[in-house]
Amino acid sequence: MKHLIKTPNVLEDGMHVGTITRVVPRTTPQNYKYIDIFVKPDNTESEIPYSTPDNVSVNSKLGKVFEQVQKLIPGEEFDDILLIGKKVSFMTIQEKTDKGIFSRILDNTLKIVN
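Below is a short write-up of the structure. Keep in mind that this is a model prediction, so the values were computed, not measured.

Definitions and limits used
- Residues numbered from 1 in each chain as written.
- Predicted model: local features only at pLDDT ≥ 70, side-chain atom pairs only at ≥ 80, totals over all residues.
- Heavy atoms only, no water.
- Phe/Tyr/Trp six-rings, centres within 6.5 Å; stacked < 30°, edge-to-face > 60°.
- Helix = DSSP H or I, 4+ residues; strand = E, 2+ residues; numbered from the N terminus.
- Buried < 20%, exposed > 50% of the residue type's maximum accessible area, 1.4 Å probe, protein only.
- Lys NZ or Arg CZ within 6 Å of the ring centre and 35° of its normal.
- Pairing = 2+ DSSP bridges.

1. Structural notes on the packing of aromatic side chains
Inference 1: Here the structure, examined in full by the defined rule, presents one aromatic pair.
Inference 2: Pairing F66 with F78 gives two aromatic rings, centres 4.0 Å apart and planes at 20 degrees, and the pair type is stacked. Placement of the pair is F66 in helix α1 (residues 61–66) and F78 in the loop between α1 and β4 (87–97), with a sequence separation of twelve residues.
Inference 3: A residue is classified by how much of its surface remains accessible, and F66, at 4% relative accessible area, is buried.
Inference 4: On the basis of relative accessibility, which here comes to 16%, the residue F78 falls in the buried class.
Inference 5: Across from the ring centre of F38, 3.8 Å away, lies the NZ or CZ of R22, which sits over that ring.
Inference 6: Lying over the aromatic face of Y50, K61 brings its terminal NZ or CZ to 4.8 Å of the ring centre.

2. Brief notes about the pairing of strand β5 (residues 100–105)
Inference 1: Here β4 pairs with β5 via six bridges, running antiparallel. For Q94, the partnering residue across the bridge sits in β5 and is S103.
Inference 2: Taking the residues between adjacent antiparallel strands as the criterion, β4 and β5 are bridged by two residues.

Written out as structure tokens, the structure reads:
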């Protein structure tokens, strides 16, 4: 199988818009559960993950995203497929790591727009 080599997606710091493309659960080696909400910024080929603990309440990071789509009622369920295809605005900062420079979506800035 051949793989396309892409340029790293590094956005300028600041406000951007894009579309939620997928929502993926993941478990860390320490057995913590997370949800990665992938956003494809407009005019780019790459996605940026917005990672949040898999904990849904009206006060949690994930709950604040879900509540933009549906009112959260304790004891009821939310289907994260409702997020896919939603247009969003968000703020990014560039972070330098030992693997290079990457854009990261700042906590609590992922907002669904009409």
